[in-house]
Amino acid sequence: MKVKHYFLWGKMFGMLLTAGLLSFASCAEGVDDEYWSSNVKNVQLESPTIDNTCFSTIANADGTESVKLAWKAIAGAGGYHCVIDIVDDPANPENVVDSILDRPSLVFEKKEDTNYSVSLQTLGNDKLNNKGATSAFNFAYSTMIAAVTIPDGSDIAEFIKANFTPSEEEQAFELVAGGSYTMNGTVDFDLSLMTIRGNKINRPTVALNEGAGFITQAGLKIKFINFDCTNLTSTGFLTLSSNPSESISTESLGFKADGANQNGYVVMDPIIISDCMFKNLPNAILYGNKKNWSLWDFRITECIVQMNNTGSTPFIHLQGASNGAIKNMTLKNSTFFNLVANKNAYFIRYSNASNSQPKKLFGDGNATITHTWSDCTLFKTFTGKDFANNTTQQNTATYYMDRMVFYDVYRLYQYLHNNCKRYCNNCTMHYDEASPQSNDTGGRKDTNGNPFTVLEDPGFDLSQIHELDFSQPNGGVNFKANGAISSQGGDPRWR
């Protein structure tokens, strides 16, 4: 969101001085009596200095966040000129703020994992005969957590093991832009909050070999990385711990005291996979290790996941225990596709339908589940097994599906159960190798009486659907849809 405010301070100072004492008396940090004083005259002003302490985060009512920038006022100033650019790609800065300000603060939209260049210059005041600063103060601000850089060419499992110390504070490791890495073992983050990130402009590539993968029982963010899973043999790319901590049990978290009746474990912080590509994923992207695991918040966004799954391992695999579920799940702006027809795997599978009820896991005060799917393309995921298995059939579950394109996806209705709240808008389904299912295309309806999907051939060019090539934009594949409805939905990168 670009911010532009212009105030002609030189001509309006007298009027603003009077009005400002009333309207700006409760401004941000940095405002003091000297700011409004006319005692500072006939001087050359300097630009304010800023550092990281001048930035704070504001939580907005709609769930978004903003950044507040506030600095110490310069006495006798005629205002400030502030320019803020996003510089993730330094060769192509994106301007978000270019403002003349009448106060020592402003608010702008906060974007995750973003680098900003901030320029702040004091303006002169003609009425007081004060000259503006001759230069701006420049500062590099980032919304990224500070990270330890993993050198290009490293085995990331070895490097992280040697440089990781368990902590209650979030930690991060960063891969070099365009780097080439291997991973020959597992990394267990246990209860530590972690971020593993590459570069959003030039993603590094990690080749995962036998037994590689990430293990956690805490929040984890994985972003801006290409993963080559061709040689991966692990059941899951991301595996939940085989030794769950009692500190995050349903009893310790207070859920059992609130009415839950299951002995399980809950990862409360978000697990997020964003802006990544996966090549030849053979098994699950998330594996519950046959323990009673639930996730509070699981997200896959802005990803392309190319599978080569010929077996029976579900894509989201929490099966094999006695309970467990994902309370809040978001899949957005992503493509999921399998190279082969597979009649043996589910897309999502829990252990027990009854024990996936949210009340049983999270108690009376948190007895709801919400799954949100928007603008995703799914191709052959999967062709002969129910889309989901053992997910809750209670009306405390709500599913949203907007602008989804499904191709050879089997029995979606076994996920969108009759008793659940289901809201489906502008979603399409096409069958080639999978058996057509009338319940998915009008036989069953959502809560508003709409079909789950409309039967429509998206007209994919099947020659453009193949193993990912990380040297090409979007992995060298193309799922452009040509149907009247499907062309307006699916992963936005194909529109």
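Keep in mind that what you see is a predicted model, and the values were worked out from it rather than measured.

> Is there a simple way to think about the pattern of salt bridges in this case?
Any two side chains of opposite charge can pair, on the condition that their charged atoms come close. Here the structure, examined in full by the defined rule, presents 16 salt bridges. In this structure, the salt-bridge partner of E94 is K111, at a minimum N-O distance of 3.9 Å. Placement of the pair is E94 in strand β4 (residues 94-101) and K111 in the loop between β5 (105-109) and β6 (115-122), with a sequence separation of 17 residues. A relative accessible area of 40% means that E94 is categorised as partly exposed. Take K111: its relative accessible area is 29%, and that puts it in the partly exposed class. Each of the salt bridges in this network shares a partner with another, and the network as a whole consists of E112, D113 and K223.

> Would you mind going over helix α2 (residues 156-163) with me for this structure?
The α-helix advances 3.6 residues per turn, and as a result positions three or four apart in sequence lie on the same side. Within α2, the full set of buried residues consists of I156, A157, F159 and I160. Seen along its axis, α2 keeps its buried residues to an arc of 165 degrees; they face one direction. Away from its buried face, by an angle of more than 90 degrees, α2 presents the exposed residues E158, K161 and A162. If you check the start of α2, you find a side-chain oxygen 2.9 Å away from the backbone N of A157, and it comes from D155.

> How should unusual backbone geometry be read in this particular structure?
It is generally the case that most residues other than glycine have a negative phi and that most peptide bonds are trans. For the peptide bond that leads from T381 to F382, omega is 0 degrees, which places it in the cis range. Looking at the element boundaries, F382 is found in the loop between β29 (377-379) and β30 (388-389). Although it is not a glycine, N289 adopts a positive phi angle of roughly 60 degrees. Along the polypeptide, N289 turns up in the loop between β21 (284-287) and β22 (293-301). Even without being a glycine, K290 presents a positive backbone phi close to 60 degrees. Locating K290 in the fold gives a position in the loop between β21 and β22.

> I tried to follow the environment of C420 on my own but got confused; where do I start?
Turning to its location among the elements, C420 is positioned in the loop between β32 (405-407) and β33 (421-425). With relative accessibility at 3%, the residue C420 sits in the buried group. Distance from C420 to I271, taken between C-alpha atoms, is 25 Å for residues 149 residues apart in sequence. In this view, C420 contacts T392, Q393, Q394, N395, A397, Y399 and T447; residues no more than four positions away in its chain are not counted.

Rules used throughout
Residues numbered from 1 in each chain as written. Predicted model: local features only at pLDDT ≥ 70, side-chain atom pairs only at ≥ 80, totals over all residues. Heavy atoms only, no water. Salt bridge = Lys/Arg side-chain N within 4 Å of Asp/Glu carboxyl O. Helix = DSSP H or I, 4+ residues; strand = E, 2+ residues; numbered from the N terminus. Buried < 20%, exposed > 50% of the residue type's maximum accessible area, 1.4 Å probe, protein only. Arc of directions from axis to C-beta. Polar contact = N/O pair within 3.5 Å; in protein donor to acceptor, adjacent residues only side chain to side chain. Contact = heavy atoms within 4.5 Å.

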